[in-house]
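# A closer look at the structure
What follows is each chain in one-letter form.
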Amino acid sequence: MTSERGIEVASLSKDYRVHSRQAGLWNTVRSVFHRKYETVHAVRDLSFRIEPGERVGFLGPNGAGKTTTLKVLAGLLHPTSGAVTVAGHKPQLREYWFLKRITLVMGQKQQLIWDLPPVETFAQNRAIYDIDRDRFEQTMKELDQLLGISEIASKPTRQLSLGERMKCELAAALLHRPEVLFLDEPTIGLDVSMQLAVRDFIRDYNERTGATTLLTSHYMDDVAALCPRVIVIDRGRLCYDGDLRKLVQTIRPDKSIVLRYTERPDRAALERIGTVTEYDSIKAVVRVPQQEVRDAVAHLLLDPKLHDLTIEDPPLEEVLRELFARTAEEGA
Amino acid sequence: MRVLRAYPTLLRVGFAGAVAYRAEMLVWMLTMTMPLVSLALWSAVAATAPVGRFGQREFVGYFLATVVVRQLTGSWVVWELIQEIKSGALATRLLKPIHPLVVYSADNIAAIPLRTVLAVPMMIIAMASGAGQLPREPLAVAALLLSLSGAWLITFFVMTAIGTLSFFMESSYSIFEIWLACFMLLSGYLLPLELFPEWVRATTYGLPFRYMLSFPVEILLGLAGPAEIARGLVVQWIYCLASGLVALVVWRAGLRRFGAFGG
C-alpha cells in the first residue's frame, strides 16, 4: 500500500486495439466490409514507485507510452493488466476524493474557457472543487505571487499569449491545491524565459506543498532543472529508473571541455588529451573521461592562446539517445 | 449537495459564455426559425379556406409559439459532445470531480435568458394575432412550465445519448441527423400534428417527439384541455426518466470503452 500521496505502479500494461488500413481506393472499399485491427502495446509490464513529495521526470521518445501512463495514473484510461495506486486510490474508479487530490496539466490541451477571461474558469473550478472563499482567495494570492497572473486573468483567454495562457492553465489546475501533479509537456511551445518561469513555479509549488510531481517534457533542461530522479521508458518498457546524474555517468562517463582560443589551437596536442569532437580556428571541444578532467584542465590552461574554458556534461538528449540505442540492441 | 452548491456558479459562468458567443448564438437561434417558413406556406394555403380548425390567424399563433418553445427548450450538447469526444477535449472535463453532464446542462440552461430575447417578441406577436392566450390560471402556468422543463430534459438527454455514441463510432452526427429528421416530421415543427391523418397523429402521441415541442405549444395556446394536459405530462415525464436513464447507461458504457481504448 502506498502512503497517502505516493504513486505505485505494479506490472502495468496498456494495450489499444486500432483499426489499420493500407492507402488506396481498393483498401478503403475493402475496409468497409472487412476491418483489420491490430493491438498496440502502449505500455508493457511497467513498475515503479514514487514517494510522497518526490519530483520525478518521465522520459522517453515519442510513442514510448508516457502520456498513456499519465492518463492511466490520472484515471482517464483503465489498465489492461497490472495495478496502479495514486494517493491511496485506484485511479480508474475516478472517485470524488481522488479527483480532488490530483491534477493533470496537458501542455497541448486546455481547460481555460476560450472566450472568457481566466477568472471565469477559476470561479468555475472554485465551485466544482467546492473550495471555500477564504481558501480560494488565499490560494489565488499565492498563485499570483508565483505566476504574476492578476493582470492577465481578466483578459479573454483567446487574447493571451501562449506563455500567459500556460500560467493561467497552471493556476486553474492548482487552485484546489492538488497533492499529486501530473505534468505532460507543461512548457511545450514556450520561449526560454517563460520555460524558466514555469520551471521555477513547479519547483516552488512542490517545495511549498510537498506535492508529488511526475513530469514529462521534451525539453531536457526542464527535467535536468527539476527532477533529481528520472524514469525512462521506450516502447512501453522501463529502461531506467534512478538518479539523473548516475544515468548520465553510467551512459556517458565523460565530460566535454569547451575551449576558445585567440588563434588556431594545435589539434595534435588536443588529441593527446582526449577525443576532439569539434575543432575550428578558435574553438575546440575535447571529451575526456571524468576522472581525467582535472589533469586535462591543468594541462590545457598552460596554453597561452587559450581564451576561455568551460566543462560541460554531455547533453541529456545524447545520453538518452545512447540509452535507447543500447536498449534496442539488448532487445534485438 | 455539492452539485447544488456548484450549480449557481456554473450557470453564471455559462451565461457569461453565452453572452461572449452572442453573435454565434444569434445565428444559431435563427436556424431554429424554420417554422416561420411553414407559417408563410400554411398561411397561403389557409387564405382560401381553413385547414381543419386552423385558419390564417391560428397558423400565425401556432408557428410563432413553436419558435418560442423551440428557443426555450433547445440544446446543443450533441455537437459539443461529439466534438469533444473526437478531439479528446473531454479528458479535461473527466478530470474534474463533477459529472460532465452537470456542467453541460448548466451551459445549456444558462443560454435560455438570451434566447428569451428572441422568444418574447415572437410571443407578443402570437398573442397579438389573437390566435391564443397565455395561460393565466396558476395550474395552467405550472403545467406550461413543467411541460417546457420536460421538453428541455428529453431534448438534452436524447442529444446526450446520441452524442455519447461517438465513443463507439467515428462520429454519431449521422444518427443525430436521422433523429432530427424524425423530430421535424413528428414533433409538430413543420405542421400541427392534428393535421396529420388520424393514425399518424395517434402514433405521434405515443412517440417522444410530440412531448419535445407540440405538447408545450398546445398548452401555451390553450389547445389542450385539462385531461389531455394531465395525460400528456405523465407521458412526457415518463419519457424524461427513460431518456435520462438511456443517456446515463450509454454514457457509462462509453466511458468504459474510452477507458479501455483511449480517446
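My aim in this report is to walk through the structure given alongside it, one point at a time. (Residues numbered from 1 in each chain as written. Chains lettered and ligands numbered in written order. Predicted model: local features only at pLDDT ≥ 70, side-chain atom pairs only at ≥ 80, totals over all residues.)

Attention shifts here to the packing of helix H4 (residues 56-73) of chain B against helix H13 (residues 214-221) of chain B. Residue and element names in this part refer to chain B. Close contact between H4 and H13 brings their axes to 9 Å; oriented N to C, the two are set at 120°. Viewed along their axes, H4 and H13 adopt a mutual orientation that is oblique. Relative to H13, the crossing made by H4 is right-handed. On the side of H4, the interface is formed by Gly-61, Tyr-62, Ala-65, Thr-66 and Val-69, while H13 contributes Pro-216, Val-217, Leu-220 and Leu-221. Its residues placed into classes, the contact of H4 with H13 shows seven nonpolar, two polar and no charged. (Axes fitted to C-alpha atoms, helices over the stretch in contact; angles between N-to-C directions. Helix = DSSP H or I, 4+ residues; strand = E, 2+ residues; numbered from the N terminus. Parallel < 35°, antiparallel > 145°, perpendicular 65-115°, else oblique. Left-handed = near helix turned anticlockwise from the far one by under 90°. Contact = placed C-beta atoms within 7 Å. Nonpolar A, V, L, I, M, F, W, Y, C, P; charged D, E, K, R; others polar.)

Backbone hydrogen bonds hold the strands of a sheet together, and the pairing may be parallel or antiparallel. All names here are of chain A. Spatially, the three strands line up as an open sheet ordered E2-E1-E4, and their pairing is antiparallel. The two strands at the open ends of the sheet, each matched to only one other strand, are strand E2 (36-50) and strand E4 (81-86). Strand after strand, the sheet turns through a mean of 30° between neighbouring axes, direction not considered. Where strand E1 (residues 7-20) meets E4, five bridges bridge the pair, whose relative direction is antiparallel. For Val-9, the partnering residue across the bridge sits in E4 and is Val-84. (Pairing = 2+ DSSP bridges.)

With that settled, the discussion passes to the packing of H4 of chain B against helix H8 (residues 112-128) of chain B. Residues and elements named next belong to chain B. For the pair H4 and H8, interaxial distance at closest approach is 8 Å and the crossing angle is 170°. If you check the angle between H4 and H8, you find them roughly antiparallel. Where H4 abuts H8, its residues Val-60, Gly-61, Leu-64, Ala-65, Val-67, Val-68, Gln-71 and Leu-72 lie against Ile-112, Arg-115, Leu-118, Ala-119, Met-122, Met-123, Ile-125 and Ala-126. Considered class by class, the residues forming the contact of H4 with H8 number 13 nonpolar, two polar and one charged.

What follows is about the sheet that holds strand E13 (residues 306-312) of chain A. All names here are of chain A. Sheet architecture is open: four strands sit in the order E11-E12-E10-E13, paired in antiparallel fashion. Among the strands making up the open sheet, the edge pair consists of strand E11 (275-279) and E13. Ignoring which end each strand starts from, the neighbouring axes of this sheet average 20° apart. Docked against the sheet, helix H11 (residues 293-300) engages strand E10 (254-261), strand E12 (283-289) and E13, running at close to 10° with respect to E10.

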